[in-house]
Amino acid sequence: MSADEPVKTAKTDGPDWIAKIWDFLTSLKLVVILLLILSALSIVGTIIEQNKPLQEYYRFYQPGTVALFSKLGLFDMYHSWWFVACLSLLALNITACTMDRYRGIMAGMRKRNLILDEKLSKSLQNLTTIRYALPLDTVAKKVVELAGKGFSGKHVVTTAEDGGSHYFFEKGKYSRLAFFMTHLSILIIFLGAMIGSFFGYKAYVNIFEGETVSQVETRAGKIQNLNFQVKCNTFHAEFYSSGAPMDYRSDLSILQNGKEVIRKTIRVNDPLTFEGVTFYQSSYGGQPDQVAIEVVNRDGSVKGSVTAPFGRTVEIPGVADKVEAADYQEHFHLPDGSEGGRAIGVNVYPAKGGQPAGLWLLVNDPEYDKQRGGDTYFRVKDLKLKKYTGLQVNRDPGEILVWLGSILLIAGIMIAFFMSHKKLWISLRTDNKGRSELTIGGTANKNRDAFAREMEQMIQSLKEVS
Amino acid sequence: MTNSLLFGIATFVYFFAMVLYVSYLAFRSEMLGKVASLSMLGGVVVETAAIGMRWYESYQMGIGRAPLTNLYESLAFFAWTFAVIYLVLERKFKIRTVGAFVAPFPFLIMAYAALNPNDIQPLVPALKSNWLISHVVTCFVGYAAFAVSFGVSFLYLFKAGSEKRSPKSAGSFWDFLPSSAALDEIGYKTIAIGFPLLTIGIVTGAFWANVAWGTYWSWDPKETWSLIVWLIYAAYLHARITRGWRGKRAAILSIVGFAATIFCYLGVNLILSGLHSYGGAS
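The rules behind these values
- Residues numbered from 1 in each chain as written.
- Chains lettered and ligands numbered in written order.
- Predicted model: local features only at pLDDT ≥ 70, side-chain atom pairs only at ≥ 80, totals over all residues.
- Helix = DSSP H or I, 4+ residues; strand = E, 2+ residues; numbered from the N terminus.
- Buried ≥ 20, exposed ≤ 12 C-beta atoms within 10 Å, placed from the backbone.
- Contact = placed C-beta atoms within 7 Å.
- Domains from an automatic or database assignment.
- pLDDT = per-residue confidence, 0-100.
- Core = buried A, V, L, I, M, F, W, Y, C linked by C-beta atoms within 7 Å.
- Nonpolar A, V, L, I, M, F, W, Y, C, P; charged D, E, K, R; others polar.
- Pairing = 2+ DSSP bridges.
- Axes fitted to C-alpha atoms, helices over the stretch in contact; angles between N-to-C directions.

### So, the overall build of chain B
Stage number 1. In terms of helices and strands, chain B carries 10 helices and 0 strands.
Stage number 2. Taken over the C-alpha atoms alone, chain B extends approximately 65 × 45 × 30 Å along its principal axes.
Stage number 3. A buried classification covers 52% of the 282 residues belonging to chain B.
Stage number 4. For chain B, the share of sequence-separated contacts (at least 6 apart) that also reach a separation of at least 24 residues comes to 79%.

Given below as structure tokens:
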């Protein structure tokens, strides 16, 4: 990640066109243009709402435009062939760049010029020479102690031809690997996403309280069998006094061979995972279980009553007609357009035969049916709702790779920005006047300003050695 | 409520700080500069108290939650992060002259926040999560670093232009500003601070989304825009690190990146629809 690393290292043998393709795949232009194209395309995807039912688009666009956009895949563009192609090209580009940089980075890590020779000295900007009146080995001891503070690793000492010695210190060598961490992490995340979409599924299931399911329906509309059963023991929805939702929770049990293996109450931010399948609290609802219906005379006396299981036609003791609670609405629309609350759709089968009569009974307004006229009317005395919990069900074997890639990405970025490979050379010899002569210089592959300050401090403290 | 009063005072102090930073640039008096920084710090102190008070008051109301969950709280916290990060970077990089370009943000954000309803509402189930704080804080600190980079890059464009016109103009207004090379370097370093934080913000957001909704990435507008911002800064970093893109081109990319950041934070909520419902018409 810096200028002193060779950007291109891999030599491509073979025909010219291979070299050209390789150059294209590893070019900076391709990376930057791809990143900007992906951003531009993504912007389009946020302006045109994605994955809506087709009818909704007709409300915003001309029919011709809808047909065109639909054909171009603009309504599900993140899964369109051209968007996936861009992502694939990015993956190819990352792979090629990683291969291209491999040798250079490994060489940068291994390259250890142990001796501060003339050629190296010329390349160092901070080369400083200090002379001491102290004996050479006293200086050497101090030097190792001082330099060792910043460079904690083991240093290498080489004896020079003229009797002096060279000290080589280095630190943060492995920070050069950050390049691989950041770039391979993206590939790992892509791989995880692909595994998830090929080998996983997202499904949905409603489970009534007290009921058990062993299969779920995927978003693609397929039935997915589970290796176990899920039972919803209870569901609760709580609300604040303002009406805003406070808590949704389902008490779930996982059953295997009829025996309960796990029991857990799941909430919106607290799902349940079993054998790689995760259950998320997603929605809820209700359906009538039993409806107690009364037949009332005009004078208000009850002629007969029955508790009808939902969807079954039953006789009413004392009344000749039969009745069936056949339909249910949570928010019933009254003929005048206002909201009538919960309502039961009832079919009444006359005793003398003939067409059944359909009528709506309001739970909150028992006398509603009175307006129909006639000798008797119907009213709901009691309604027992069966609640169900709506669960999103996921299996995603690639998820772990996505998180692994994410952690690697963050760690890699941190290392790339905040750590560097630093090298320090010190050579010690006796000069022609018999003094101890110390020459010091260093380099870092990144954050050179910070390293220069570090070096300044070290040189200052070396000068103070006495 | 006490928190509203404190937020009001903080807004006023930020306004004062903004005026001082601009006058510092205009009159070039070191004393003014110090007072400007101090009043910005004063704004931060008052707003810290305001946020703490709001948090405390939410407990008194029996709701008890971090004040980070509606547009008002989000904006107030954004202004706070902005001021804190700016002060830290001002100290680190010695860029008080940039203040005139960055200091208006906390005031403007607070003024905008004041237009929104500020009652403390209880949390809906999806927001009841320990991920809330880490997700919001990392994103906002990242945004704030990008904002400082934006201010510095903006200043760079002026300064580089003036250096070109008159290379040696000791004592002039332009001479008062950091050198264009220094501005260029700081513009990069602030992005180098913001980028890892944005990355952590996106990852914590994805992780949270997976726990709450069962999908770590659903191409919702907020997610997509955060990715766009990430891609723009990634392009900036690649161009700069491997090809040495500096100066004008880098500065423009940094400005574009911040424009996308602002859209990601506010535009998405106000214009587009999606899962982050702390703003918008609904």
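### Re the domain arrangement of chain A
Stage number 1. Each assigned domain of chain A is listed here: domain 1 (16-106), domain 2 (112-172 + 422-463), domain 3 (195-286 + 389-410) and domain 4 (287-385).
Stage number 2. Using C-alpha coordinates to define each centre, domain 1 of chain A is positioned 33 Å away from domain 3 of chain A.

### Quick notes on the interface of chain A and chain B
Stage number 1. Counting residues at the interface gives 38 residues for chain A, matched by 35 residues for chain B.
Stage number 2. Listing elements by their share of the side of chain A that touches chain B, those giving two or more residues are helix 2 (28-47), strand 7 (245-256), strand 10 (277-297), strand 16 (376-395) and helix 9 (399-418) of chain A.
Stage number 3. Per-element tally for the side of chain A that touches chain B: the top contributor is helix 2 of chain A, with 11 residues.

### A look at the confidence of the model for chain B
Stage number 1. Confidence in the prediction for chain B averages 87 pLDDT; 94% of positions are at 70 or higher.
Stage number 2. Prediction confidence for the complex, expressed as pTM and ipTM, is 0.84 and 0.89 respectively.

### Focus on the nonpolar core
Stage number 1. One finds B:Ala76, B:Phe82, B:Ala144 and B:Ala147 to be the most contacted residues of the largest nonpolar core, which totals 128 residues.
Stage number 2. Take this core: its biggest share by element is 17 residues, from helix 8 (residues 180-213) of chain B.
Stage number 3. Once residues within four sequence positions are removed from consideration, B:Ala144 is found in contact with B:Thr81, B:Phe82, B:Ile85 and B:Tyr86.
Stage number 4. By size, the runner-up hydrophobic cluster in this structure holds 18 residues, among which are A:Ala325, A:Leu361, A:Tyr368 and A:Phe378.

### Quick notes on the domain arrangement of chain B
Residues and elements named next belong to chain B.
Stage number 1. Partitioning chain B into structural domains gives domain 1 (1-121) and domain 2 (124-282).
Stage number 2. Relative placement of domain 1 and domain 2: their C-alpha centres are 19 Å apart.
Stage number 3. Every contact between the two is made by 21 residues of domain 1 and, on the other side, 21 residues of domain 2.
Stage number 4. Counting only elements with at least two residues in the side of domain 1 that touches domain 2, the list comes to helix 3 (71-93) and helix 4 (99-102).
Stage number 5. Tallying contributions element by element places helix 3 first for the side of domain 1 that touches domain 2, with 10 residues.
Stage number 6. Its residues placed into classes, the side of domain 1 that touches domain 2 shows 15 nonpolar, 5 polar and 1 charged.

### Some points on the sheet that holds strand 13 (residues 322-329) of chain A
All names here are of chain A.
Stage number 1. Reading across the sheet, the 4 strands line up as 12-13-14-15 and stay open at both edges, with antiparallel pairing between neighbours. Either end of the sheet is taken by a strand with one partner, and the two such strands are strand 12 (313-315) and strand 15 (357-362). Adjacent strand axes in the sheet meet at a mean angle of 30°, parallel and antiparallel pairs treated alike.
Stage number 2. When strand 12 meets strand 13, the two strands line up antiparallel, connected through 3 bridges. Opposite threonine 313, over in strand 13, you have glutamate 324 as the bridge partner.

### Re the environment of A:Ile189
Residue and element names in this part refer to chain A.
Stage number 1. By the element assignment, isoleucine 189 lies in helix 8 (residues 178-199).
Stage number 2. In this structure isoleucine 189 comes out as buried when scored by C-beta crowding, with 23 C-beta atoms within 10 Å.
Stage number 3. Put simply, isoleucine 189 and glycine 398 are 209 residues apart on the chain and 8.6 Å apart in space, counted from C-alpha to C-alpha.
Stage number 4. Sequence-distant contacts of isoleucine 189, that is, excluding residues within four places in its chain, are made with Val402, Gly405 and Ser406.

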